[in-house]
Structure formats: structure tokens, C-alpha cells
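Observations on the model geometry
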Amino acid sequence: MLNLLSRRFSHNCKSLIKHPHYCKIFCPLCYEEGQEMLESGVNYFKLFLLPETYSIDKATLSQKYRAFQKILHPDKLRAHGFTNPNYSKFLYQAYKTLEDDVERGKYLMELMQESVGELEVKDVDFLEEQLEKRALLFEEGEEEAKEVLDDVKGAIQEITEKIEKCFNKGDWASVKDLLGKLSFMRKLELEARHKACA
């Protein structure tokens, strides 16, 4: 677990969270410094104490997010002297960015100061193959949709594994290309899941 609860920290503030990087954000006595940290940009990986890698333990991420939510409940923050105790939006944005495979990839590239821009798919063969699958969802029944869904899930797993390898090699062009494909496949997955469960 996070070992988050802490009445006092080394710099004599009253941080609710014993955090190695951002304890001042969660301290009513260090409010101005904490807001400066938030405005200058908090590293989401460091916030959730995760390694800065594309592949992460999503179960651990969810566990830490829930722990933050419990500690940073608005009523509890007000009781400790916070004048503007709304951390929900900030925490949710950080969590959703890391939880989503496409957004996490884009965010990690930004941390590495690599240009992301708009994601697009230029591989014509890939597009034609996926559009054929999409057409099946509207032409065939529920069982066929389940087959498409299984196929799409397998393709997504393959793409995410390739993205991890390209990150490790520093092959940014391939990362961006694969993130575009992954974004497309995620949308197709939602359509297939909807049809399969109809």
C-alpha cells in the first residue's frame, strides 16, 4: 500500500499524504507552494509512485487512486484547514491518463519531450482490414460480433506489446504510428462489445 497517512512530515507541515515528491500539495500550511507545483505540472507517474514506462500495473494504479480518493475526501480536507479542497478533478485526470493505453503513451512521449500531435493511421492495408471487421458488425449477428471482438482484443494486445518494445528502443515514429492504430482499434472494440452484448 501507499503508506499515505501522515500527521506531520519532515518539513514540519501537516501533509495528509506522506509522499516523496508532492507532500506539499496535500498540506494546508504549504498551500501556495502546493498550487505552484500543480500549475507547473505534476508527473503522474511520480504521483502514483509508478515507474515511467509504457507498461504499468493497472491494478496497482487503481489501488493507489482509491487510496488517494479516500484520504482526500472534501469533508476530510476541510476539517484539516484546506480552503479549496477539490482534488477530485486533478486526481481523476491523472488516473485516466495513465489508465488509458493511448493517453498513457501520448503522455509518456510528452515527458520525453517528443512531439505527439494528432494521431492518425496511414497504413492503408491496416485500415482496410479493420473496416472489413467493422462492416461485419453491422451485417452479421451477435455471434459473429463476439468473434470480431475476440479478434480485436488479440490485435490490441499485440499492438500494446509492440508499443512497449518501441518505447524501449526509442523508436518514436513507430510509437506514434502504433498509438494511432491502437486508438482506432479501441473504438472498434467498443462497437464490437456493444453489438456482442446487444
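Just so it is clear, the model here is predicted, and its values are computed rather than measured.

1. Overview of the confidence of the model for the protein chain
- Confidence in the prediction of the protein chain, expressed as mean pLDDT, is 84, and 87% of residues score 70 or more.
- Of all the helices and strands in the protein chain, helix H1 (residues 31-40) carries the lowest mean pLDDT, 73, while helix H6 (residues 101-111) carries the highest, 96.
- Counted against residues more than four places away or in other chains, residues 1-11, with its pLDDT under 50, gives 29 contacts.

2. Brief notes about unusual backbone geometry
- One non-glycine residue with positive phi stands out, namely Leu-49, at about 55°.
- The phi angle at Gln-113 is positive, at roughly 60°, despite the residue not being glycine.
- We classify Gln-113 as exposed; its relative accessible area is 75%.

3. Regarding helix H9 (residues 172-196)
- Taking 1.5 Å per residue, 25 residues should reach 36 Å; H9 reaches 35 Å between its end C-alpha atoms and fits that length.
- Of all the residues in H9, the buried ones are Val-175, Leu-178, Leu-179, Gly-180, Lys-181, Leu-182, Met-185, Leu-188, Glu-189, Ala-192 and Ala-196.
- Contacts made by the buried residues of H9 are with H6, helix H7 (124-139) and helix H8 (142-169).

4. Points about the packing of aromatic side chains
- Applying the stated rule across the entire model yields seven aromatic pairs.
- Seen in terms of ring centroids, Phe-45 and Tyr-107 are 6.0 Å apart; in terms of plane orientation they differ by 25°. Their pairing is stacked. Here Phe-45 is found in helix H2 (residues 44-47), whereas its partner Tyr-107 is found in helix H6, with 62 residues between them in sequence. Neither residue differs from the other here; Phe-45 and Tyr-107 are each classed as buried.
- With 4.3 Å between their ring centres and 10° between their planes, Tyr-65 and Tyr-95 make a pair best called stacked.

5. Some words on the packing of H8 against H9
- Where H8 contacts H9, the two axes come as close as 9 Å, and the packing angle between them is 160°. The angle between H8 and H9 falls in the class roughly antiparallel. Between H8 and H9 lies a crossing whose hand is left-handed.
- The residue inventory of the contact of H8 with H9, partitioned by class, reads 19 nonpolar, two polar and nine charged.

6. Focus: the pattern of salt bridges
- Under the definition given, this model contains 15 salt bridges.
- Between Arg-186 and Asp-101 there is a salt bridge; the shortest N-O distance is 2.5 Å. Of this pair, Arg-186 sits in helix H9 while Asp-101 sits in helix H6, placing them 85 residues apart in sequence.
- Of the residues examined, Arg-186 reaches a relative accessible area of 28% and is grouped as partly exposed.
- Between Lys-181 and Asp-177 there is a salt bridge whose closest N-O contact spans 3.6 Å. Residue Lys-181 and its partner Asp-177 are located together in helix H9, separated by four residues, close to a single helical turn.

7. Overview of H6
- Every buried residue belonging to H6 is among Asp-101, Val-102, Arg-104, Gly-105, Tyr-107, Leu-108 and Met-109, and all of these are buried.
- Buried residues belonging to H6 abut H2, helix H3 (58-71), helix H5 (88-99), H8 and H9.
- Two or three places before Val-102, at the start of H6, stands the capping residue Asp-100, its side-chain oxygen 2.9 Å from that residue's backbone nitrogen.
- Taken from the residues just after H6, Gln-113 is the one with a positive phi, measuring 60°.

8. Description of the nonpolar core
- Counting residues in each nonpolar core, the largest one holds 50 residues, and the members touching the most others are Phe-26, Leu-47, Phe-48, Leu-72 and Leu-98.
- Going through the elements one at a time, H2, H3, H5, H6, H7, H8 and H9 are the ones with two or more residues in this core.
- No other element matches H8, which puts ten residues into this core.

9. Quick word on the environment of Leu-182
- Turning to its location among the elements, Leu-182 is positioned in helix H9.
- In this structure Leu-182 comes out as buried when scored by relative accessible area, which is 0%.
- Here the alpha-carbon distance between Leu-182 and Asp-101, two residues 81 residues apart in the chain, equals 8.2 Å.
- Apart from the residues within four sequence positions on either side, Leu-182 is in contact with Tyr-54, Asp-101, Val-102, Ile-156, Ile-159, Thr-160 and Ile-163.

Calculation rules
- Residues numbered from 1 in each chain as written.
- Predicted model: local features only at pLDDT ≥ 70, side-chain atom pairs only at ≥ 80, totals over all residues.
- Heavy atoms only, no water.
- pLDDT = per-residue confidence, 0-100.
- Helix = DSSP H or I, 4+ residues; strand = E, 2+ residues; numbered from the N terminus.
- Contact = heavy atoms within 4.5 Å.
- Buried < 20%, exposed > 50% of the residue type's maximum accessible area, 1.4 Å probe, protein only.
- Expected span 1.5 Å × (residues − 1).
- Phe/Tyr/Trp six-rings, centres within 6.5 Å; stacked < 30°, edge-to-face > 60°.
- Axes fitted to C-alpha atoms, helices over the stretch in contact; angles between N-to-C directions.
- Parallel < 35°, antiparallel > 145°, perpendicular 65-115°, else oblique.
- Left-handed = near helix turned anticlockwise from the far one by under 90°.
- Nonpolar A, V, L, I, M, F, W, Y, C, P; charged D, E, K, R; others polar.
- Salt bridge = Lys/Arg side-chain N within 4 Å of Asp/Glu carboxyl O.
- Polar contact = N/O pair within 3.5 Å; in protein donor to acceptor, adjacent residues only side chain to side chain.
- Core = buried A, V, L, I, M, F, W, Y, C linked by side-chain atoms within 4.5 Å.

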